[in-house]
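Structure assessment
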Amino acid sequence: MKGIILAGGKGTRLHPLTIVTSKQLLPVYDKPMVYYPLSMLMLAGIREVLVISTPEDLPSFRRLLRDGSQWGMKFSYAEQDQPRGLADAFRVGKDFVGSDPVCLILGDNIFFGHGLPAVLRSMAARVSNGGGAAIFAYPVQDPWRYGVIEFDSEGKALSLEEKPANPRSNYAVPGMYFYDNQVIQIAAELKPSPRGELEITDVNLTYMRLGKLFVQELGRGVAWLDAGTHESLLQAAAFIQTVEERQGMMISSPEEIAFRMGFIDREQLRRLLDELGNSTYRSRLETLLK
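The residue numbering used here restarts from 1 in each chain and proceeds along that chain's sequence as written. Local features in this predicted model are restricted to residues whose pLDDT is 70 or higher, and side-chain atom pairs enter the listing and the counts only when it is 80 or higher, whereas totals over whole chains, interfaces and linings include all residues. To get the side-chain values, all heavy atoms of the structure are used, and hydrogens and water are removed first.

**Examining the overall build of the protein chain**
To be explicit about the condition: Numbering of helices and strands runs from the N terminus, with a helix taken as a DSSP run of H or I at least four residues long and a strand as a DSSP run of E at least two residues long. Burial classes follow relative accessibility: with a 1.4 Å probe on protein chains only, a residue under 20% of its type's maximum area counts as buried, one over 50% as exposed, and anything between as partly exposed. Only heavy atoms matter for contacts: two residues are in contact if any of them lie within 4.5 Å across the pair. In these tables, accessible area is a Shrake-Rupley quantity obtained with a 1.4 Å probe, and a residue counts as shielded only by the protein chains included in the view. The charged-residue count follows a simple rule in which Lys and Arg add positive charge and Asp and Glu add negative charge, with His and chain termini not counted at all. Charge positions come from single atoms, namely NZ of Lys, CZ of Arg, CG of Asp or CD of Glu.
Check the secondary structure of the protein chain and you find eleven helices and 14 strands. Split into buried and exposed, the 290 residues of the protein chain put 54% on the buried side. Pairs at least 24 residues apart make up 74% of the contacts formed inside the protein chain by residues separated by at least 6 positions. Counting only carbon and sulfur atoms, one obtains 48% of the accessible surface of the protein chain, whose full area is about 13500 Å². Taking the 32 positively charged and 34 negatively charged side chains of the protein chain as two groups, their mean positions are separated by 2 Å.

Take a look at the structure:
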């Protein structure tokens, strides 16, 4: 399975912070925002990743992430010159995906929780081996702000609506989606919505009508944060700081994940430490080595 990080858009809800830089390059406590979705792909066992961003911001992503070999990964890059909707990622990334299944994750979504790595690998294996699509469902107090999913006890999707006035459930769909290769054809045939975008909800509805949309609930032990506003960006940073300092652990550190997953060895991790100056981030990774 391959992975796509969608990190385009203008980030207007975060102006003036995002006038001169991509939202996904802003710091969330001790690391750039893009590290968090990247880490989810790595934990799912995905090692080939396409980063999609604007022509102006792609050079910065290249400088930050390089070719991925430092983490035992392989990164590619593609331009999205205009924000044409989430499903446009599969048109932009068609050649990168090729004949493989793919996981799309939004560049401003942050996940953390006990047992999450096993869930991610299970979702990736489910789609890679059995086809179809798999999405998450997360309980929220204000479902009318999101795509809302209704599903049965077996994880079969029953209804899916985008920002409904009268939600049929209180489960929102977070920005991480697993698809078989049919998604390339589905995205190619999509028509723009009334707001002029290629909607990811329409992709999911197609799979649902085919009876191929599986829903995995993310329960009480998992946090899902969308760092797309000033308030949520601050809240996400405070959450990460609290957990890391209280538990003395790293959250969404590509270096740590690459080491624990066996993508890199101890010597490669030592070389990466030399690039991190005297930061607290480096100190926590040194603790991992010890």
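What follows continues from the structure just given.
**Side note on the environment of Q82**
Position of Q82 among the secondary structure elements: in the loop between strand 5 (74-79) and helix 3 (88-92). Residue classification places Q82 among the partly exposed residues on the basis of a relative accessible area of 45%. C-alpha separation for the pair Q82 and P55, spaced 27 residues apart in sequence, amounts to 9.5 Å.

**Focus on the pattern of salt bridges**
We count it as follows: Whenever a carboxyl oxygen of Asp or Glu lies within 4 Å of a side-chain nitrogen of Lys or Arg, that contact is scored as a salt bridge.
Throughout the structure, instances matching the rule amount to 16 salt bridges. Here E256 ties to R260 by a salt bridge, and the two come within 2.8 Å at their closest N and O atoms. Of this pair, E256 and R260 both sit in helix 9 (residues 254-260), four residues apart, which is roughly one turn of that helix. You can call E256 buried: its relative accessible area is 12%. Residue E286 is joined to R282 by a salt bridge in which the shortest nitrogen-to-oxygen separation is 3.0 Å.

**Overview of unusual backbone geometry**
Residues H15 and P16 are joined by a peptide bond in cis, for which omega reads 10°. Assignment of secondary structure puts P16 in the loop between strand 1 (2-6) and strand 2 (27-28). Phi at Y29 is positive, roughly 60°, even though this residue is not glycine. Mapped onto the secondary structure, Y29 falls in the loop between strand 2 and strand 3 (31-32). Despite not being glycine, S252 has its phi angle at roughly 55°, a positive value. One can find S252 in the loop between helix 8 (230-247) and helix 9.

**Details of the UniProt feature "domain: Nucleotidyl transferase" (unreviewed entry) in the protein chain**
This is how it is decided: UniProt positions are given in the numbering used here, feature names are shortened, and annotations may be inferred rather than shown by experiment.
Mapped onto this structure's residue numbering, the UniProt feature "domain: Nucleotidyl transferase" (unreviewed entry) falls at residues 2-241. A distance of 30 Å separates the end C-alpha atoms of residues 2-241, which is 29% helix and 27% strand.

**Considering the pairing of strand 1**
The following threshold applies: Here, any two strands with at least 2 DSSP bridges between them count as paired.
Counting buried residues along strand 1, five of its five residues qualify, which places the element largely inside the surrounding structure. Here strand 1 shows two buried faces, one formed by K2, I4 and L6 and the other by G3 and I5. Bridging between strand 1 and strand 6 (residues 102-106) involves five bridges; their strand directions are parallel. Counterpart to K2 in the pairing with strand 6 is V102. As paired strands, strand 1 and strand 4 (residues 48-53) are joined by four bridges and run parallel to one another. In the sheet register, I4 faces strand 4, and the bridge partner there is L50.

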